[in-house]
Amino acid sequence: MWWSGDEWEALLDPGQCGMCRDAHLAENEHSVLIVSTPTSHLRLARNQAHAGYCLVILREHVTDMGRLPSEQLHAFWTDVQRAGRAVESVYAPRKIDYLVMGHRMPHLHCHVFPQHHQDDPKRNVDISDGPVTLAPGELKDAVHALGRAWSTTATGATVRSGGYIPPRAEQ
Ligand SMILES: [Zn+2]
């Protein structure tokens, strides 16, 4: 059964939107800020059951991709692609899934969701796998590694970062 009219109206209301409230913060309950662009915020999920799981969150409260002007749409997906490249360079996953949902949080965002060697490709994607929580130092290292990788992918090149071994990554 879908949300009631009142429930859905509340979710669509920017004044009550959790992402409007905390997507720009250095840290919130769900994630840690890696970098912000004029269009979006790139955040590392606290749940690292899928190592490298990030979110790209549109700055603006737009509730459906269909409502984005083409320039903003392009900028958003460019940020998503760049985020995927950063995750690729740090974590070397087998595949990255890009998920745009929003039936519980209708503020446009994309889950950048890596699939690794140990993940079963025949299972449906479940962003609530885990949770796996990193130690504060590991979380900080991951944010820095992704931030560095983000910077090196500015021109579109895919560059392997050196020296950083992500927790739980397959070797
Ligand atoms: Zn919002």
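Along every chain, residues carry numbers that run from 1 in the direction the sequence is written. Local features in this predicted model are restricted to residues whose pLDDT is 70 or higher, and side-chain atom pairs enter the listing and the counts only when it is 80 or higher, whereas totals over whole chains, interfaces and linings include all residues.

Undergrad: How do you make sense of the overall build of the protein chain when you look at a structure like this?
TA: Secondary structure is summarised from DSSP: a helix means a run of H or I of at least four residues, a strand means a run of E of at least two, and numbering begins at the N terminus for each. When its secondary structure is counted, the protein chain shows 4 helices and 5 strands. Mapped in sequence order, the helices and strands of the protein chain form the string α-α-β-β-β-α-β-β-α. Burial is judged by counting other C-beta atoms within 10 Å of a residue's own C-beta: 20 or more means buried, 12 or fewer means exposed, and anything between counts as partly exposed, with every C-beta placed from the backbone. Considering the protein chain as a whole, with its 171 residues, one finds that 30% of them fall into the buried category. By sequence separation, contacts in the protein chain at least 24 residues apart represent 60% of the contacts at least 6 residues apart. In this description, a residue-residue contact is defined by the distance between C-beta atoms placed from the backbone, which must lie within 7 Å.

Undergrad: What is the right way to look at the nonpolar core in this model?
TA: Nonpolar side chains in soluble globular proteins tend to end up buried together. For this entry, the nonpolar core is defined as buried Ala, Val, Leu, Ile, Met, Phe, Trp, Tyr and Cys residues connected by C-beta atoms within 7 Å. Leu44, Cys54, Val56, Ala83, Val87, Val112 and Leu146 are the most contacted members of the largest nonpolar core, which totals 33 residues. At the level of secondary structure, the elements contributing two or more residues to this core comprise strand E1 (31–36), strand E2 (40–45), strand E3 (54–58), helix H3 (70–91), strand E5 (109–115) and helix H4 (136–152). With residues near it in sequence (within four places) discarded, Val87 still touches Gly52, Cys54, Pro93, Ile96, Val112, Pro114 and Leu146.

Undergrad: Is there a simple way to think about H4 in this case?
TA: One turn of an α-helix holds 3.6 residues; hence residues three or four places apart share an orientation. Taking 1.5 Å of rise per residue, the 17 residues of H4 would be expected to cover 24 Å, and the 25 Å separating its terminal C-alpha atoms lies within 8% of that figure. Along H4, the residues that are buried comprise Ala142, Val143, Ala145, Leu146, Ala149 and Trp150. The arc enclosing the buried residues of H4, seen along the axis, measures out at 165°, which places them on a common side. Away from its buried face by more than 90 degrees, H4 exposes Pro136, Gly137 and Ser151. Looking at the buried side of H4, the elements it contacts are E1, E2 and H3. In this analysis, the expected span of each helix is defined as 1.5 Å times one less than the number of residues it contains. Directions drawn from the helix axis to the C-beta atoms are what define this arc.

Undergrad: I keep staring at the pairing of E1 and nothing clicks. Help me out?
TA: The two faces of the sheet receive side chains in turn, since in a regular strand these alternate between them. Think of it this way: DSSP has to see at least two bridges between two strands before they count as a pair. Sheet analysis places E1 next to E2, joined by 5 bridges and oriented antiparallel. What sits directly across from Leu33, in E2, is Arg43. The turn joining E1 and E2, which pair antiparallel and follow one another in sequence, is formed by 3 residues.

Undergrad: Just to check I follow, could you spell out the sheet that holds E1 for this structure?
TA: Pairing between the strands of a sheet comes from backbone hydrogen bonds, and it takes one of two forms, parallel or antiparallel. The 5 strands lie next to each other as E1-E2-E3-E5-E4, forming an open sheet whose pairing is antiparallel. Both outer strands of the open sheet, E1 and strand E4 (95–99), are each paired with one neighbouring strand and no more. For this sheet, the mean inter-axis angle between neighbouring strands, taken without regard to orientation, is 25°. Note: E3 against E5, 4 bridges, orientation antiparallel. Bridged to Leu55 within E5 is His111. Helix axes are fitted to C-alpha atoms over the stretch in contact, other axes to C-alpha atoms as well, and angles between N-to-C directions run from 0 to 180 degrees.

Undergrad: Quick question: what am I supposed to make of the packing of H3 against H4 here?
TA: Each packed pair of helices is defined by two parameters, the angle between the axes and the distance between the axes. Closest axis-to-axis distance for the H3/H4 pair is 8 Å, and the angle between their directions is 120°. The angle between the axes of H3 and H4 places the two elements in the oblique class. The two elements H3 and H4 meet at a crossing, and its hand is right-handed. Touching Arg82, Ala86, Val87, Ser89 and Val90 of H3 are Ala145, Leu146, Ala149 and Trp150, all from H4. Each residue receives one of three labels: charged for Asp, Glu, Lys and Arg, nonpolar for Ala, Val, Leu, Ile, Met, Phe, Trp, Tyr, Cys and Pro, and polar for the others, Gly being one of them. A breakdown of the residues in the contact of H3 with H4 according to their chemical character gives 7 nonpolar, 1 polar and 1 charged. To sort the angles, those under 35 degrees are grouped as roughly parallel, those over 145 as roughly antiparallel, those from 65 to 115 as roughly perpendicular, and the leftovers as oblique. For any pair of crossing helices, the crossing counts as left-handed if the nearer helix is rotated counterclockwise from the farther one by less than a right angle, and right-handed if it is rotated clockwise.

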